[in-house]
Amino acid sequence: TNMSSSIPQEIQAYLRLILEVARKRKVNLYLVGGYLRDLVLRRGRPEPDLDFCLQKNAILFGRALQRPLGAGFFVLDQENGA
């Protein structure tokens, strides 16, 4: 089954934008967590939680996404870079 057809267009647009920023910044980025679980189990969520994993500089990358996504940004854990 093609899972990308299960991803709503709005989420696909967000993922494309995030991927574009990651490519420009040469960041290897991985979608992880609950959204993937829900996708596999075919559970739709009104507001999906997109979690990403990257090797380093997560805070800088999060700040880089703030403007293109039109989103807020706050640091959860400065010491651990989250």
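Look up: the structure comes first, before these words.
Described below are features of the structure shown in this document. (Residues numbered from 1 in each chain as written. Predicted model: local features only at pLDDT ≥ 70, side-chain atom pairs only at ≥ 80, totals over all residues. Heavy atoms only, no water.)

Observations concerning the environment of I18
Relative to the assigned elements, I18 resides in helix α1 (residues 9-24). Between the alpha carbons of I18 and N80 there is a distance of 22 Å; along the sequence they are 62 residues apart. Setting aside chain neighbours within four positions, we find I18 in contact with L29, F52, F61, L65 and L69. (Helix = DSSP H or I, 4+ residues; strand = E, 2+ residues; numbered from the N terminus. Contact = heavy atoms within 4.5 Å.)

Regarding the layout of surface pockets
Considered as a void within the structure, the largest pocket measures approximately 1,200 Å³ in volume. Lining the largest pocket are 39 residues, with I18, D49, L50, D51 and F52 positioned closest to its centre. Looking at the lining of the largest pocket, the elements that each hand over two or more residues are α1, β1 (29-32), α2 (34-40), β2 (51-54) and α3 (58-69). Considering each element in turn, the lining of the largest pocket owes the most residues, 7 residues, to α3. A class-by-class count of the residues in the lining of the largest pocket yields 25 nonpolar, 6 polar and 8 charged. Volume-wise, the second largest pocket comes out at about 160 Å³. Contributing to the lining of the second largest pocket are R25, K26, V27, N28, L54, Q55, K56, N57, L60 and F61. Partitioned by chemical class, the residues of the lining of the second largest pocket number 4 nonpolar, 3 polar and 3 charged. (1 Å grid on protein atoms, 1.4 Å probe; cavity = no way out; pocket = protein on both sides within 12 Å on 5 of 7 lines; lining within 4 Å. Points joined across faces, edges and corners; volume = space filled by probe spheres on them. Nonpolar A, V, L, I, M, F, W, Y, C, P; charged D, E, K, R; others polar.)

As for the pattern of salt bridges
Per the counting criterion, the structure on display carries 4 salt bridges. In this structure, K24 engages E20 in a salt bridge whose closest nitrogen and oxygen atoms are separated by 3.3 Å. With K24 and E20 both in helix α1 and 4 residues apart, this pair spans about one turn of that helix. The residue R45 makes a salt bridge to D38 at a minimum N-O spacing of 3.0 Å. Residue class for R45 comes out partly exposed when judged on its relative accessible area of 43%. Linked through salt bridges whose partners overlap, the residues forming this network are R37, D38, R43 and R45. (Salt bridge = Lys/Arg side-chain N within 4 Å of Asp/Glu carboxyl O. Buried < 20%, exposed > 50% of the residue type's maximum accessible area, 1.4 Å probe, protein only.)

These results come straight from atomic positions and should not be treated as a statement about function.
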